[in-house]
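The lines below spell out each chain.
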Amino acid sequence: MMLSPLSPFYCAHCIQCRLPKTHCVCDKIEQIELPFRISLCCHSKEWQRNDNTGQWAVLSSKHIQRIRWHRKPELMSPSLSMTLEPEPGHYLLFPSDDAENIQNLFQKATQATHQSATKTLSLPIKQLWVIDGTWQEVQKILRQSPWLKALPKVHIQPAEGEVLESYFKLRRNQQGLCTLEAIEVAISYQVPLAAQTLKRNFHLFQNTLLDLLR
């Protein structure tokens, strides 16, 4: 809940990082370059939260955008050019039974490049869609969004013997990886240095918020 400026507990916040201006981290955020775009469909309950890690991802790269989800896609963003038919190269990051391991997708592209005469890498993913919300909110969004359901799905899968552990401490009911952590793992297979930068940004935001809560 946003406090009124007239409240004695109100303090000015940065409109970008949403932290108190005394703890603004905007000048510390490292920027990353990505070979494809990432679009976040954000649940309305997450839109203004300062612990929403999807917003942290947006502040980390010009290649990541966030869209406030509505069950009618034409109401989500006037500037969003979206069709209700799946477009080639558009994938949804979601752990379903029919999802392909995103690492395998990138490996196939690399192998095809080695076999090509031009040696030009053509990535299979042009735009990666990520649903931003709690697991319950994510399921609701997918259930009410036929255009999202129609997208081919990819998932992240740990290597044998590896466990994908979440370091998100700000929510007690966190299940699995948070949005930024999922993006970090997904891009690590193709741009590992960008993934490491994203991880540093994650800890920058979280540690600042944890300090404020102490």
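Fair warning: this is a prediction, and the values are worked out from it, not measured in the lab.

What counts, and at which threshold
- Residues numbered from 1 in each chain as written.
- Predicted model: local features only at pLDDT ≥ 70, side-chain atom pairs only at ≥ 80, totals over all residues.
- Heavy atoms only, no water.
- Helix = DSSP H or I, 4+ residues; strand = E, 2+ residues; numbered from the N terminus.
- Buried < 20%, exposed > 50% of the residue type's maximum accessible area, 1.4 Å probe, protein only.
- Contact = heavy atoms within 4.5 Å.
- Phe/Tyr/Trp six-rings, centres within 6.5 Å; stacked < 30°, edge-to-face > 60°.
- Lys NZ or Arg CZ within 6 Å of the ring centre and 35° of its normal.
- Pairing = 2+ DSSP bridges.
- Axes fitted to C-alpha atoms, helices over the stretch in contact; angles between N-to-C directions.
- Core = buried A, V, L, I, M, F, W, Y, C linked by side-chain atoms within 4.5 Å.
- Patch = residues over 30% accessible without salt bridge, like charges linked within 9 Å, V, L, I, M, F, W, Y side chains within 5 Å.
- Areas by Shrake-Rupley, 256 points an atom, 1.4 Å probe, with all protein chains shown as cover.
- Salt bridge = Lys/Arg side-chain N within 4 Å of Asp/Glu carboxyl O.
- Lys, Arg positive; Asp, Glu negative; His and termini not counted.
- Charge placed at Lys NZ, Arg CZ, Asp CG, Glu CD.
- Polar contact = N/O pair within 3.5 Å; in protein donor to acceptor, adjacent residues only side chain to side chain.

Side note on the overall build of the chain
Turning to step 1, where the next piece is worked out: Of regular secondary structure, the chain possesses six helices and six strands.
Turning to step 2, where the next piece is worked out: Along the chain, helices (α) and strands (β) appear in the sequence β-α-β-β-β-α-β-α-α-β-α-α when read from the amino end.
Turning to step 3, where the next piece is worked out: Buried positions account for 46% of the 214 residues belonging to the chain.
Turning to step 4, where the next piece is worked out: Nonlocal contacts in the chain, meaning residues at least 24 apart in sequence, comprise 71% of its contacts between residues at least 6 apart.

Some details on the packing of aromatic side chains
Turning to step 1, where the next piece is worked out: In total, this model carries seven aromatic pairs according to the counting rule given.
Turning to step 2, where the next piece is worked out: With 6.0 Å between their ring centres and 55° between their planes, Trp56 and Phe202 make a pair best called tilted. Of this pair, Trp56 sits in helix 1 (residues 53-58) while Phe202 sits in helix 6 (residues 192-213), placing them 146 residues apart in sequence.
Turning to step 3, where the next piece is worked out: With a centroid separation of 5.6 Å and an interplanar angle of 15°, the aromatic rings of Phe94 and Trp135 are classed as stacked. Of this pair, Phe94 sits in the loop between strand 3 (90-93) and strand 4 (100-101) while Trp135 sits in helix 3 (residues 135-143), and the two are 41 residues apart along the sequence.
Turning to step 4, where the next piece is worked out: Accessibility expressed as a relative area gives 12% for Phe94, which makes it buried.
Turning to step 5, where the next piece is worked out: Residue Trp135 is classed as partly exposed on the basis of its relative accessible area of 36%.
Turning to step 6, where the next piece is worked out: Through pairs of rings, three or more aromatic residues link up here, namely Trp56, Phe168, Phe202 and Phe205.
Turning to step 7, where the next piece is worked out: The lysine or arginine in question, Arg66, covers the ring of Trp47, its NZ or CZ lying 4.1 Å from the ring centre.

Looking at the sheet that holds strand 3
Turning to step 1, where the next piece is worked out: As summarised here, the arrangement of the six strands in space is 2-1-5-3-6-4, forming an open sheet in which the pairing is parallel. If you trace the sheet from one side to the other, it starts and ends with strand 2 (64-68) and strand 4, each paired once.
Turning to step 2, where the next piece is worked out: Pairing geometry for strand 1 (residues 37-42) and strand 5 (residues 127-132), over six bridges, is parallel. In the strand pairing of strand 5, Arg37 is matched with Gln127.
Turning to step 3, where the next piece is worked out: On top of the sheet, helix 5 (residues 179-188) reaches strand 1, strand 3 and strand 5; it is set at about 155° to strand 5, its chief contact.

Focus on the nonpolar core
Turning to step 1, where the next piece is worked out: Counting 43 residues, the largest nonpolar core has Ile38, Leu128 and Ile187 as the members making the most contacts within it.
Turning to step 2, where the next piece is worked out: Every element with two or more residues in this core is listed here: strand 1, helix 1, strand 3, helix 2 (102-115), strand 5, helix 5 and helix 6.
Turning to step 3, where the next piece is worked out: Here the element with the most residues in this core is helix 6; it accounts for eight residues.
Turning to step 4, where the next piece is worked out: Not counting residues up to four positions away in its chain, the partners in contact with Ile187 are Ile32, Leu34, Phe36, Ile38, Pro192, Ala194, Ala195 and Leu198.

Structural notes on a positive patch on the surface
Turning to step 1, where the next piece is worked out: Among the surface-exposed residues, Lys45, Lys140, Arg143 and Lys149 lie close enough to one another that they form a single positively charged patch.
Turning to step 2, where the next piece is worked out: Note that Lys45 resides in the loop between strand 1 and helix 1.
Turning to step 3, where the next piece is worked out: In this structure Lys45 comes out as exposed when scored by relative accessible area, which is 61%.

Let's talk about the side chain of Arg66
Turning to step 1, where the next piece is worked out: You can see Arg66 is positioned in strand 2.
Turning to step 2, where the next piece is worked out: For Arg66, the side chain forms a polar contact with the side chain of Asn52, separated by 3.0 Å.
Turning to step 3, where the next piece is worked out: Polar contacts involving the side chain of Arg66 include one to the side chain of Gln55, which spans 3.3 Å.
Turning to step 4, where the next piece is worked out: Among residues more than four places away in sequence, those in contact with Arg66 are Arg18, Leu40, Cys42, Glu46, Trp47, Asn52, Gly54, Gln55, Val58 and Asp132.

Section: the pattern of salt bridges
Turning to step 1, where the next piece is worked out: Within the structure shown, the criterion is met by eight salt bridges.
Turning to step 2, where the next piece is worked out: Of the charged contacts in the structure, one is a salt bridge between Lys108 and Glu100, with a shortest N-O distance of 2.8 Å.
Turning to step 3, where the next piece is worked out: The exposure class of Glu100 is partly exposed, given its relative accessible area of 25%.
Turning to step 4, where the next piece is worked out: With its nearest N and O atoms 2.2 Å apart, the salt bridge here joins Asp211 to Arg214.
Turning to step 5, where the next piece is worked out: Through salt bridges with shared partners, one network takes in Glu46, Arg49, Asp51 and Arg171.

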